[in-house]
Each structure stands twice: as C-alpha cells, then as structure tokens.
Amino acid sequence: MLSKISESLSNLSGAERKVAECALAEPKWFVHAAVAEIAERASVSQPTVIRFCRSLGYKGLPEFKLALSASIGHEGMPYVHEELNADDDMSIVVEKVLGNAAASILGERRFLKESELENAIATLMHARRVEFYGVGNSGIVAQDAQHKFFRFGISTVAYVDTHTQLMAASVLTDQDVLVAISNTGSSIELLDAVSIAKENGASVIALTRNDSPLAQLADCVLSIATQENAELYTPMVSRLLQLAVIDILAIGLALRLGDAASLQLQKSKKSIHNKHIEYDKD
C-alpha cells in the first residue's frame, strides 16, 4: 500500500501529493485521524483529502484507511471512525456513515469470542422460554430478535418497558433465558431486572460492552464494542452491531436445531401462504 502511494505521487495534483506525503510520513496516525485533521496537517481542503483517496481507486477516506491499515500490520480490522460535522456535505456524510458502519461490523470479529457464542447458543437450545429485554434503540433490536426466534418454535417475547421487564423477570425460572441488550450496559432499571432474573435461577446472555455492569452480571457476554459519539447523535453503529450479533445467534441456533428448525420455518411460511390464498378468494 505504501509503495502504491509512492508510485502514484507523479500522477497526483500538487494538493493531493501533500495528502499522499502525509500518509507516507505517518501511516498509523493517518488511519485514525479525522478528515479535518488530515486536511489541516497537509494544508489542503477536506474535499482534497477525499479526491486523493479516489485518485488511488478508493470510494472515499474510510475505504482508503481500511486498505492502509491492513498494509501496515494491524491485527484484525481496526476501527476507522470519523465524527460527523455540521458543515459536511451529503457525499461526506455518506462516506462517514457507511465507512463507520463497515469498519465497526468488520472490527466486531475481534471482540466476539467463539466460546461465548457456543455457550449462548447451547443455553438458548435448552431454554423453556427466551425473553429479550432492551430500551430505546436496544429495544428495537430486542423486538427484532423476538421476531426471528419465535419462528423456531421457541416461546419468546420482547419487553421494552422497564416496569414490565421487572415484573416479567420476577416470574422467570431456572429453565428460562434472559437476553439483555444494552449499548452502555449501565441502565439501573435493566440491571435490576437482570438481577431479579438471576435470583430466580434464569440464565442471562448479555449483548453489551465487555467492561459494563451488565457484563458483570451476565452468565454469557457477547461483546459489542463501538467508538461512536452517542452524546450528540442517536447511536447508529451499536444498533447495527447488535442486530448482526442477533443474526449470528439465530443462524447458529438454526444450524444446531437442524431439521427441527427447518420444519418450524416451513410451517410458519406455509401458514402465511395459505392465509394469503384465503384472502385472495375473499
């Protein structure tokens, strides 16, 4: 990658060459720097930084950073996040939002442990009932999870109201599983519900940060790690990661259940198909 940049110098404009020289001089810094920081250090405009990346055949800065990072020996896929700014035009917004999402989803591979996934799937397989708890954005993910898992013939429900979560947790048993979803893992109400569930013997699977209070309570932790700024904007990347992990769990469970899962999915699809025929006749 560094050789490619060096060989392209003669074909770049004077301003783009400054960006290239910046990348060659400090590639590790370049990977983590925001577009504004790169532009300032190279003494060029922010659009010039984007044009430089495109001149080398990349769609934008995030894609260029991923390629550069992979070439300088980083383990796994790094986080390449850029803050959204009020003066960003839509092309830059597209690059940042998609770039942040792509980098985070690929980077999640570094944090998900195979042993924890296997443990979670085994726990779900033997559950009498599975309840998904989440609030806000995480509540949407909980509802998506319930929509996926009930089709396997498992008794499932999603609760997004904290008072309902507390009451529901109080009637769980050691045959049940609670899947708690939280970006911060520090919601007092959710932690209270999880504590009640554990007191009743229920197993707890958490989708959260590894170092969160929720992770400390859980029997199994599926780590969700993001570096987005949630103070100014509604968390976006964390929701995508949570949804991706739910998909992994659903597919993993389906594979373990084998024919039983296939039959349940066929039954649900067949019932919908038959109902559509009835409606058409009406």
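Residues numbered from 1 in each chain as written. Predicted model: local features only at pLDDT ≥ 70, side-chain atom pairs only at ≥ 80, totals over all residues. Heavy atoms only, no water.

**Student:** Just give me the short version of the overall build of the chain, but keep the residues and values in it.
**Tutor:** Check the secondary structure of the chain and you find 14 helices and 5 strands. The buried share among the 282 residues of the chain stands at 43%. Counting only contacts in the chain whose residues sit at least 6 apart along the sequence, the fraction spanning at least 24 positions is 66%. When the accessible surface of the chain is totalled, it reaches about 14,300 Å², and 53% of it is carbon and sulfur. (Helix = DSSP H or I, 4+ residues; strand = E, 2+ residues; numbered from the N terminus. Buried < 20%, exposed > 50% of the residue type's maximum accessible area, 1.4 Å probe, protein only. Contact = heavy atoms within 4.5 Å. Areas by Shrake-Rupley, 256 points an atom, 1.4 Å probe, with all protein chains shown as cover.)

**Student:** Any chance you could break down the packing of helix H10 (residues 162-169) against helix H11 (residues 188-199) for me, citing the residues and the numbers?
**Tutor:** Contact geometry of H10 with H11 gives a least axis separation of 8 Å together with a crossing angle of 10°. As summarised for this structure, H10 and H11 are arranged roughly parallel, according to the angle between their axes. Judged by residue contacts, Thr 162, Gln 165, Leu 166 and Ala 169 of H10 engage Glu 189, Leu 190, Asp 192, Ala 193, Ile 196 and Ala 197 from H11. Classifying every residue of the contact of H10 with H11 by side-chain character gives 6 nonpolar, 2 polar and 2 charged. (Axes fitted to C-alpha atoms, helices over the stretch in contact; angles between N-to-C directions. Parallel < 35°, antiparallel > 145°, perpendicular 65-115°, else oblique. Nonpolar A, V, L, I, M, F, W, Y, C, P; charged D, E, K, R; others polar.)

**Student:** Quick one: what's the story with the pattern of salt bridges, residue by residue and with numbers?
**Tutor:** Think of it this way: side chains of opposite charge can pair up when their charged atoms draw near. Tallying each qualifying case throughout the model produces 7 salt bridges. A salt bridge links Arg 256 to Glu 118; the shortest N-O distance between them is 2.9 Å. Remark: Glu 118 occurs in helix H8 (residues 114-125) and Arg 256 occurs in helix H13 (residues 237-257); sequence separation between them is 138 residues. Since its relative accessible area comes to 35%, Glu 118 is described here as partly exposed. Each of the salt bridges in this network shares a partner with another, and the network as a whole consists of Asp 144, Lys 148 and Asp 247. (Salt bridge = Lys/Arg side-chain N within 4 Å of Asp/Glu carboxyl O.)

**Student:** Just give me the short version of the sheet that holds strand S4 (residues 203-208), but keep the residues and values in it.
**Tutor:** With respect to topology, 5 strands assemble into an open sheet ordered S2-S1-S3-S4-S5, the strand pairing being parallel. Two strands in the sheet have a free side with no partner beyond their single neighbour: strand S2 (155-159) and strand S5 (220-223). Neighbour to neighbour, the strand axes of the sheet diverge by 15° on average, direction disregarded. Two strands pair when backbone bridges link them, and strand S1 (residues 129-133) and strand S3 (residues 176-181) are joined in this way by 5 bridges, in the parallel orientation. Bridged to Val 130 within S3 is Val 177. Where H13 meets the sheet, its contacts fall on S3, S4 and S5, and the angle it forms with S4 comes to roughly 140°. (Pairing = 2+ DSSP bridges.)

**Student:** Report on helix H2 (residues 14-25), specifying residues and quantitative values.
**Tutor:** Between its first and last C-alpha, H2 extends 17 Å over 12 residues, near the 16 Å set by a 1.5 Å rise per residue. Where H2 is concerned, the buried positions are Glu 16, Val 19, Ala 20, Cys 22 and Ala 23. Down the axis, H2 shows its buried residues gathered within 155° of arc, on one side only. Among the structural elements, helix H1 (2-8), helix H3 (27-32), helix H4 (35-42) and helix H5 (46-55) are those in contact with the buried residues of H2. (Expected span 1.5 Å × (residues − 1). Arc of directions from axis to C-beta.)

**Student:** Which residues make up the packing of aromatic side chains, and what values go with them?
**Tutor:** Under the defined criterion, the tally for this structure stands at 6 aromatic pairs. Consider the rings of Phe 132 and Phe 149, whose centres lie 5.3 Å apart with planes at 50°: the pair is tilted. Here Phe 132, found in strand S1, pairs with Phe 149, found in helix H9 (residues 137-149); they are 17 residues apart in sequence, far enough to count as distant. Grouping residues by exposure puts Phe 132 and Phe 149 together as buried. Three or more aromatic residues joined by ring pairs form one cluster here, namely Phe 30, Phe 52, Tyr 58 and Phe 64. Across from the ring centre of Trp 29, 3.9 Å away, lies the NZ or CZ of Arg 41, which sits over that ring. (Phe/Tyr/Trp six-rings, centres within 6.5 Å; stacked < 30°, edge-to-face > 60°. Lys NZ or Arg CZ within 6 Å of the ring centre and 35° of its normal.)

**Student:** Let's hear about the pairing of S1: which residues, and what values?
**Tutor:** Note on strand geometry: in a regular strand, side chains alternate between the two faces of the sheet. For S1, the tally of buried residues reaches 4 of 5 residues, placing the bulk of the element in the interior. The pairing of S1 with S2 spans 5 bridges and is parallel. Within S2, the position partnered with Glu 131 by the bridge is Val 157. Regarding the hand of the β-α-β motif, the stretch spanning S1, H9 and S2 is right-handed. (Right-handed = clockwise from strand over helix to strand, strands pointing away.)

**Student:** Explain the nonpolar core to me, using residue names and the numbers behind them.
**Tutor:** The tendency in soluble globular proteins is for nonpolar side chains to be buried as a group. Counting 29 residues, the largest nonpolar core has Leu 124, Val 130, Phe 149, Val 179, Ile 205, Leu 207 and Leu 222 as the members making the most contacts within it. Of all the secondary structure elements, the ones that give two or more residues to this core are H8, S1, H9, S3, S4, S5 and H13. The leading source of residues in this core is H13, at 7 residues. Apart from the residues within four sequence positions on either side, Leu 207 is in contact with Val 179, Ala 180, Ile 181, Ser 182, Leu 222, Ile 224, Gln 242, Val 245 and Ile 246. Core analysis: the second largest hydrophobic core is formed by 23 residues, Ala 20, Ala 23, Ile 38 and Val 49 among them. (Core = buried A, V, L, I, M, F, W, Y, C linked by side-chain atoms within 4.5 Å.)

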